[in-house]
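# What the coordinates show
The chain contents come next:
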Amino acid sequence: MKAERLPSHPLPPAPSIPAKEHAFDIHGVRIRDDYAWLKAENWKEVLKDPDTLGSSIRECLERENAYTAEAFSGTESFQERLVAEMRGRIKEDDSSVPEPDGPFSYFTRYREGGQHPLICRMPREGGAETTMLDGDKQAEGHAFFDLGGADHSPNHRLMAWGADVKGSEYFTICVRDLESGDDLEDEVPQTSGGVVWLGDSSGFYYVELDENHRPVRVKRHIVGTGTEQDAVIYEESDPGFFVKLGVTQSTAFVLIEASDHETSEIRLLDRADPSATPRLVEPRTPRLQYDVEHHGDDLIILTNADGAEDFKLMTAPAANPGRANWRDLVPYRPGVMILFVMALARHLVRLEREDAKPRIVVREIATGREETIAFPEDTYSLGVDPGYEFDTDVIRFRYSSLKTPSEVTDYDLRTGGRTLRKRQEVPSGHNPDDYVTHRLFATAPDGEQVPVSIVHRREVALDGSAPLLLYGYGSYGVSIPAGFRTNILSLVDRGFVYAIAHIRGGTEKGWRWYLDGKREKKTNTFTDFIAAGEALIEAGYTSRGSIVAHGGSAGGMLMGAVANMAPDLFAGIIAEVPFVDVLNTMLDSDLPLTPPEWPEWGNPGADEAAFRTILSYSPYDNVKPQSYPAILALGGLTDPRVTYWEPAKWVARLRSTMTGGGPVLLKLNMEAGHGGAAGRFDRLEEVALAYAFAIKCIQSRDTP
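The paragraphs below set out a description of the structure included in this document. Predicted, not measured: the structure shown is a model, and the values here were computed from it. (Residues numbered from 1 in each chain as written. Predicted model: local features only at pLDDT ≥ 70, side-chain atom pairs only at ≥ 80, totals over all residues. Heavy atoms only, no water.)

With that out of the way, let us pick up the environment of I173. In this fold, I173 is placed in strand β9 (residues 171–177). Judged by relative accessible area, I173 falls into the buried class, the value being 0%. Expressed as a C-alpha distance, the spacing of I173 and E185, which sit 12 residues apart in the sequence, is 11 Å. Residue contacts for I173: discarding those within four places in its chain leaves A160, W161, G162, D186, E187, V188, T191, G193, G194, V195, F204 and Y206. (Helix = DSSP H or I, 4+ residues; strand = E, 2+ residues; numbered from the N terminus. Buried < 20%, exposed > 50% of the residue type's maximum accessible area, 1.4 Å probe, protein only. Contact = heavy atoms within 4.5 Å.)

See the structure below:
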């Protein structure tokens, strides 16, 4: 596919975001923050109702949106073609492979042209399907609609479902009678979105968000009663710990987990007892992490105890599960990270990763015999779908690579037989043989080898002439899978190379890879990304000034940092919901995520060393009088994770400080939050804008 030349025209002067003098002193250092006024005093109210945003801030943001629209003037038809192209790769009436549970099989599907999923079921042995919830119908009349959980009751008669209609991640849970198709009067507001049903289907547990948008309270709701009667089952007192719910695969226990980024603590609820009280597994110990599964009389514990940095499996009696009774089951093996474990009636299934490659290991419980499921490609993505059932000899896994569409396979645990249940369809056509995938290792400044996953068309010449989109994240231990992405083909088919830098701060090479990219070692994340860019240049995939960098959220912080550190490496920067005002955010303990984030970044208010570390790299605080590449910052007004004022303040400071380069553009979605547009096709419009920006950046490079 030949790359079109997009129209270019001189831009008028950027809107002026006025500076209003503001400064404060901390640890003997004076911090200037002249754009602090962009943070609305009523920000908590704005999350719930964006119409309450003050007029001066709203007008400023709307001027930015108008300026960005002007910058893309003349590309509208091209963006429409991109959307049509990306939409053409989506099977519009797609459906998931049905998951059996008792008398039914449950699945989701989409209708042709539909934005939101339909939650469906059919008789297990086949027959007519029933639509339990129509996401498109529920979204009618809402500018934003995000379906949270949709969980059927154990007796298959009810379904609890949650929706967020503001983008602020406040989900209201409703209860639907699956026989009549009508919602009951039950309505539970201000939740995290999902539930775990009581074993007798009389009610469910849910997590309530507090006034600071933190998930801190587990409650039990009995169907048919008012929420004022909901019993508090557990309440977290430490603002640095978030609470979430789970359930063992055996369905015997509900799990209440309180955790931050380093430490976890789990309580068990007997699911068969509607009046159960929580029972602690092991009290929280700093930097001790554990997760729990259940089999027979034992718990299966995935943990980093005893120095098992990459985790190991242990067992403990369910009746007395404290750490004194933990015993090794699968010992710790340095460099082999266990990511997930699932206990079935006769098998243990674990997902592990070694040297950035995932594999599934199946263990027969009675004999200890193990079988491994792996794949030969250089780079690929692999995951396990847990399903609903415990007494089964079939597991389901998903496999894809940067060039291979997703495949869903059922694996028979007794025979090792595989049954392909679904291969992702690309209606407009896709031939994997037209593409090449590769794994490159970049040498970081300290000698570490940074994996980089790459895909490009087979005919691309590796002579440095190709443009390249380089993606990175590198925080919270999140691993970025090298899986199939249909959208990126719109750039790859226009001659781009696409690369993922698996930088420190993730866990691609084990837990140490994460530890070496956080707190006082955070700058390794940034220098790894820069090293990846340099290695791609050296290997002939691209050239200096021909890379467009892309990252979002904490990956947006990465974008801000590398823009400050190596601006000449990049033709452009795409920063989605960028966490760029790190210092001010980590000093504000009222913000939803701040206390739980201190283990990740450090607490700059209480710890001077953490303050100086953060101050040394916080993108907003390190903007310099230098030339910057073109930058597109994208945000959402009701985002509770990376608040709208972070990208706004960053853009303002960039424009007032930089000596050349640009342009610096800001696009705020005034009707969405952290994830952007919720509809599957609406989201494509945001992707098309980002890709049009990438192409314009490369064209500017090529313009004499």
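Take the sheet that holds strand β27 (residues 394–400) next. Here we have 4 strands laid out as an open sheet, ordered β26-β27-β28-β29, and antiparallel in their pairing. At either end of the open sheet lies a strand with only one pairing partner, and these are β26 (381–385) and β29 (418–423). In this sheet, neighbouring strand axes are inclined to one another by 25 degrees on average, regardless of whether the strands run parallel or antiparallel. Pairing between strand β28 (residues 407–412) and β29: 5 bridges, direction antiparallel. Counterpart to D410 in the pairing with β29 is T419. (Pairing = 2+ DSSP bridges. Axes fitted to C-alpha atoms, helices over the stretch in contact; angles between N-to-C directions.)

Here we take up the environment of D607. Looking at the secondary structure, you find D607 in the loop between α10 (594–601) and α11 (608–617). With 580 residues separating them along the chain, D607 and H27 place their C-alpha atoms 9.0 Å apart.

What follows is about the pairing of β28. Judged by how many residues are buried, β28 sits mostly within the fold: 6 of 6 residues are covered. Taking every second residue as pointing to the same face, both faces of β28 are buried, with E407, T409 and Y411 on one and V408, D410 and D412 on the other. Two strands pair when backbone bridges link them, and β27 and β28 are joined in this way by 6 bridges, in the antiparallel orientation. Pairing of V394 across the sheet is with D412, part of β28. The turn joining β27 and β28, which pair antiparallel and follow one another in sequence, is formed by 6 residues.

Here we take up the environment of S105. Within the secondary structure, S105 sits in strand β4 (residues 104–109). In the structure, S105 is positioned 94 residues away from L11 in sequence and 56 Å away in space, judged by C-alpha atoms. Those residues in contact with S105 that lie beyond four places of it in its chain are P98, E99, P100, C120, R121, M122, P123 and R124.

Before going further, it helps to spend a moment on the pattern of salt bridges. Taken as a whole and assessed by the stated rule, the structure comprises 58 salt bridges. With a shortest N-O distance of 2.6 Å, K649 and D581 are connected by a salt bridge. Note that K649 is positioned in helix α12 (residues 645–657) and D581 in the loop between β35 (570–576) and α9 (582–587), a separation of 68 residues in sequence. Accessibility assignment for this pair places K649 and D581 in one class, buried. A cluster of three or more residues bridged by salt bridges with shared partners is formed by R333, R350, E352, E354, R359, R363 and E370. (Salt bridge = Lys/Arg side-chain N within 4 Å of Asp/Glu carboxyl O.)

What follows concerns α10. In terms of burial, α10 is largely enclosed, as 7 of its 8 residues are buried. For α10, the full list of buried residues reads T594, P595, P596, E597, P599, E600 and W601. The inward-facing, buried residues of α10 abut β14 (242–247), α6 (511–515), α8 (554–565), α9 and α11. Two residues or fewer after α10 comes G602, characterised by a positive phi angle close to 105 degrees.

Take the packing of aromatic side chains next. Under the criterion given, the structure shown has 18 aromatic pairs. When the ring of W197 is compared with that of F204, the centres are 5.4 Å apart and the planes differ by 75 degrees; the resulting orientation is edge-to-face. Assigned by exposure class, W197 and F204 land together as buried. Taken together through their ring pairs, the aromatic side chains of F375, Y380, F397 and Y399 make up a single cluster. Its guanidinium or amino end placed over the ring of F104, R121 lies 3.9 Å from that ring's centre, counting from NZ or CZ. The ring of F241 is capped by R284, whose NZ or CZ atom sits 4.2 Å from the centre of that ring. (Phe/Tyr/Trp six-rings, centres within 6.5 Å; stacked < 30°, edge-to-face > 60°. Lys NZ or Arg CZ within 6 Å of the ring centre and 35° of its normal.)

On to the packing of helix α7 (residues 523–538) against α8, then. The relative placement of two packed helices is expressed as an angle between their axes plus a distance between the axes. For the pair α7 and α8, interaxial distance at closest approach is 10 Å and the crossing angle is 70 degrees. The angle between α7 and α8 places the two elements in the roughly perpendicular class. When you trace α7 past α8, the crossing you get is right-handed. In contact with T525, F526, T527, F529 and I530 of α7, α8 contributes M557, L558, M559, A561, V562 and M565. The residue makeup of the contact of α7 with α8, split by class, is 9 nonpolar, 2 polar and no charged. (Parallel < 35°, antiparallel > 145°, perpendicular 65-115°, else oblique. Left-handed = near helix turned anticlockwise from the far one by under 90°. Nonpolar A, V, L, I, M, F, W, Y, C, P; charged D, E, K, R; others polar.)

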